[in-house]
Every structure is written in C-alpha cells, then in structure tokens.
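Descriptive analysis of the structure
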Amino acid sequence: MNKPIKKIILILLIVLILPIIFFSVREMTSLSRDEEIIEEIYRSQLQSILFSINQYSDDIVRSWTSHLTSIIEIEASKEKLKKELAGLFSESQSVQSLYVSDSLFQSQLYAEFNAGSITLADNNRSLKELVQNNFDQLRRLYSYNKSGFRKIEAVNSSSTNRLFLIFILSGGKFSVLSIDKQLFIQKSISSKIQSVARDQFIVSIYDSLNNKQIYQTSQIDSEQRIIKKNLWLIPGYQLGIQLKGETIAGLVKKRTSSNLIIFLVFAGLMLITAFYAFRNIKREVELAQIKSDFVSNVSHELRTPLALISMFAETLEMRRVKTEEKKNEYYKIISQEAGRLSSIVNKILSFSQIEAGKRNYHFKEVELNRVIQSVADSYKFHLSNKGFEFILEQPDEKLMINADEEAVSEAVINLIDNAVKYSVEVKLVLLRLTRRNDNVIVEVEDKGIGIPKEEQQKIFEKFYRASKGLVHDTKGTGLGLSLVKHIMDSHKGSIEVDSEQGRGSTFRLLFPLK
Ligand code: ADP
C-alpha cells in the first residue's frame, strides 16, 4: 500500500472509526446503566403502591379500634351499645364477632354480628381460650401500650378463613376482632386496590401458606408478579404487583432493543460514510498519482523523437553526411519520429476531445473487411520493418456494420501499436476478422508479455498503466485503451481481453452486425 493511502486510513481511523468505536462502547454501557436506573425507579414505584395498600388496610382497622375504644369507654346501656357497634361494623360486613375483656377475664363482653343483627353475650369461651393460648402476645401488647404504642396484631390460629386481631383498649381492657379474611379484602380494601391499580397495574393477594390466589384486579398468570410484599394485617398473605400487559423486564428489553437498533443503524451509516470517504479520497490520491505519472510519461514520449529529429536534422544541415544512402536513412528516421510524435499528439487530442464531450462520430454503413484491409495494408511495412510477422485473417463474407470508419481504424491501430509495444521475444501480430452470431469481431493477437489477471479490468481506465511485469520498460500514455473503450461504447459494441502473463494477449472488439 502506498504512503498517502496509509495516511488516509490513519486519518479516517482517528477521525471516524475511533470515535465510532468509542461512542459505541460508551452508548452500550450507558444503555444498560439507563435501563438499570429505569428498572430501579419502576420497582420503587411499585413498592410504594404496595406500601400504600398496606397502610390503607392498617388505617381501616386502626379507625375501628379508636372508635371501639370510645364506644366501650361510655358505660352505655345494652341497646345503645348494640346500636353503636352496628353503626361501626355494619358497613364493613367482614367483622364477625367482637370480644372485649380485662386482662383477668373478669369483665367480658362478646358481640356477634350476623346479617345485620347483633347478639350480645357476657363471654365467649373459644375467644377467651384463644387469648389465653397466646397470653404472651397479650402481655407484650400491654407493655407496648404502656409505652404509648398501640399495636394491632394478628393472633395465631388454625382457622384459614378467619383473622383474629388483638389490641389494647383504654382502661386496661383488650379486644379481639374476629374478621372474615375474604370479606375484609372484598369489602374494605378492594376498592383501594382497584383505584391504585387503574389500567396500569395488576395487583393480587396471594395466600402463601395455602398456595392460593385470593384476589386480583384482573386475570393474569400469578407467576409474573414482580414485586411481592407481605400484607401486614394478615399473616401468610402477600400482595403482588405487576405492570399490565407487559413486565418491566419486557419494557426494558423493548426499549433496549429499539435503542440498540437505532444505534446500530447510526453506527452503520457512520461506517458507510467512512467507507465512501475512504474510497473517494483514495481515488483522488490515485488520480493525482496517475496524472503526475502521465505528465512524466508524455514528456518522455515526446522527448525521445524530438531529440532524434533535432540530432539528425542538425547533422544533415551541417552537410556532414556524405553519401545519398546515409542521407536517405536519416530522412527516414526523421519522418518516422515525426510520425511517432504526431501519433502521440493525436492520442492526447482525441482524449481531450472525449473529456470535453466534443468527440463526434459520423456513423454510416461500413464494410468492415475493407477497413481492416486498409489498416493492414498501411501497417504491413511498418511491422515487417520492426521484424514482426504479420498475419491477416479475413472471411469471404462481407461484414457490414454501422460505424465511424476513422474511429474504427483508430481503435484497431491502437491495438496493433500495443501489440508491437508489448512484444519482446516472439514478434507476431495477428489481425483477425470473424463473425459470431450477431456480432462482428476484430481480434488483435500478440505473443508478448501479457497482462496479469488482476490488471485486466483496470487497463481500460484512463491513464492506467499496468504496474506489474515487464511493462515499465515500455513508455506510454495510458490513454490508448481508454480511447478504444470510448469508441466501442459509442458504437454500442464492447471490448474484451484474453491474456496470460508471458504468453501474449488477444484483444477483441465486438461490433453489432448491421
Ligand atoms: P499505454 O500503452 O500508453 O500505456 P494503453 O491504454 O494503450 O496505454 O494500455 C494500458 C496498459 O495496458 C498498458 O500500460 C499495458 O500495461 C497494458 N497493455 C495494453 N495492451 C497490451 C498488450 N498487447 N500486451 C500487454 N500489455 C498490454
């Protein structure tokens, strides 16, 4: 690779590729960090929703207890007590019975709520036993109460449907509420759950001891509950919450993948830009190189015939040449070199006409056999002078094409010139005219140095000269084949090359048959 190209690669690497890589790595890591933060925020939001449900159910029971305290404190008549209790518990429907007693079980009260009616009794054996079995808990609650902390606790029981809540009332009394768990959830806290869940979340209550779904705001696979919290009031019950429709992980994944796609498209575009920038700059650098080679090649091509012409003309002018034979030889050299000069200048003029878009072709029906014959006739001597064997193969059939006769001759002459230029040991030029299907083919074959495979497509580009093999020994402009290609394109034809290094080349001009 040459130096300027290496430099371009280095610059592109520093200006484009490295920032892309750096940016990619940074984006990737910050993406996952962002997702973690979002997930964290979601989780704490969900936690606080569950907290608010717990707080709400706690508040309900707490309001019952303070209400109850004020009812029990007034030594009301049985009727008045019934009325007050009905007022307190009728709405919730979940409180099944109420037990109030002092710590020595001397003054007891039992109320049972049944379909809106209340039955009062002086005691209740089963609730008394329940408390007695958990007397340590009661003692603890009394001590909490003494320090001013009114705690409500569930009493351990074997019942799966009932919840027994125990708490201290004022005046040294305590109370046990027997609550239907199902009804408590349905009547007291479900409306709160519905209001926090709205359309965004699914909130569920799950009995972890019995592996049972107790309640949920809408039907969904309970396995997907992402955040779980104990329901403070009911031991063994858990609150669960998840996003409706999609899990957080799903949302995060979706966001990550859409971000990733945008990012990859962006990086891809940057890389394509880098690639095109590299290609264009590389082409420009190569063109600059080719142009400078061209100038040096052309100067050399012009200098040699000019030097020869001036040298022989001077010798003749000074009358130093004595014999007519020698003089004739010098005249011949001068005229040959002048021909060479004009051929180079013509090539350059032709090329500049093409570049300026001013090259015009005059098409008419042409018998190609005749054109080839006339090129062969005028080149025969020139070739044999240079020691070449020249073979012309023509078919009997007249092959007509639509062409600019002069341009076709120019193309064939260019090929013959090259065949001569690039032949070293075996000096043979074969000019062949054939027909293949709807094409007329002009072939120029030589046994010269050949063209390496990787160069064969490039030799038709303007200024291009093969850089491998023996070609550097021969000077040229790199314009000949690009002129031929232009001529062939204008004739709606094409040019092909078959060549093997060291064995020779065959150039083929394909014209459409008229
Ligand atoms: P030039 O001959 O002035 O360099 P051309 O455009 O005619 O420019 O040819 C381009 C290149 O193709 C040449 O430099 C040479 O390397 C290669 N080439 C063309 N014709 C032949 C041939 N007959 N044999 C070997 N190489 C050839």
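These numbers come from a predicted model, not from an experiment.

1. So, the pairing of strand E16 (residues 494–500)
Of the two faces of E16, only the one carrying Ile495, Val497 and Ser499 is buried; Ser494, Glu496, Asp498 and Glu500 on the other face are not. Bridge count between E16 and strand E17 (residues 504–512): seven bridges; the pairing is antiparallel. Bridging from a neighbouring strand, Asp498 pairs with Thr506 of E17. The turn linking E16 back onto E17 is made up of three residues, and Gly502 within it adopts a positive phi angle of 85 degrees.

2. Re the sheet that holds strand E12 (residues 389–393)
Pairing in this open sheet of five strands is mixed, and the strands run E12-E14-E15-E17-E16 from one edge to the other. Of all the strands in the sheet, just E12 and E16 have a single pairing partner and so form its edges. Each strand of the sheet is rotated relative to its neighbour by a mean of 15 degrees, with strand direction disregarded. Together, E16 and E17 form the strand contacts of helix H10 (residues 480–490), whose direction differs from that of E17 by roughly 25 degrees.

3. Concerning the domain arrangement of the protein chain
The accessible area lost on association of the parts is a frequent measure of interface size. Taken domain by domain, the protein chain comprises domain 1 (3–183) and domain 2 (360–512). Placing the centre of domain 1 and that of domain 2 at their C-alpha centroids yields a distance of 99 Å.

4. Observations regarding the pattern of salt bridges
For the structure shown, the criterion picks out 23 salt bridges. The shortest N-O distance in the salt bridge between Arg62 and Asp58 comes to 3.7 Å. Of this pair, Arg62 and Asp58 both sit in helix H1 (residues 3–73), four residues apart, which is roughly one turn of that helix. Owing to a relative accessible area of 15%, Asp58 belongs among the buried residues under this scheme. For the salt bridge of Lys447 with Glu445, the shortest nitrogen-to-oxygen distance reads 3.0 Å. Residue class for Glu445 comes out buried when judged on its relative accessible area of 16%. Each member of the salt-bridge network shares a partner with another, and the members are Glu393, Arg432, Glu443, Glu445, Lys447, Glu496, Asp498 and Arg508.

5. Points about the site of the ligand
Taken together, 20 residues lie near the ligand, and Asn418, Tyr422, Arg465, Thr477 and Leu481 sit nearest. At a separation of 2.5 Å, an oxygen atom of the ligand approaches a polar side-chain atom of Arg465. Between the ligand and Gly480 there is a distance of 3.3 Å, counted from an oxygen atom to a backbone nitrogen or oxygen. For the ligand, whose free accessible area comes to 520 Å², the fraction covered by protein is 99%. Where the shell around the ligand is concerned, the elements lending two or more residues are helix H9 (405–421), H10 and E17.

The rules we used
- Residues numbered from 1 in each chain as written.
- Predicted model: local features only at pLDDT ≥ 70, side-chain atom pairs only at ≥ 80, totals over all residues.
- Heavy atoms only, no water.
- Buried < 20%, exposed > 50% of the residue type's maximum accessible area, 1.4 Å probe, protein only.
- Helix = DSSP H or I, 4+ residues; strand = E, 2+ residues; numbered from the N terminus.
- Pairing = 2+ DSSP bridges.
- Axes fitted to C-alpha atoms, helices over the stretch in contact; angles between N-to-C directions.
- Contact = heavy atoms within 4.5 Å.
- Domains from an automatic or database assignment.
- Salt bridge = Lys/Arg side-chain N within 4 Å of Asp/Glu carboxyl O.
- Near = heavy atom within 4 Å.
- Polar contact = N/O pair within 3.5 Å; in protein donor to acceptor, adjacent residues only side chain to side chain.
- Areas by Shrake-Rupley, 256 points an atom, 1.4 Å probe, with all protein chains shown as cover.

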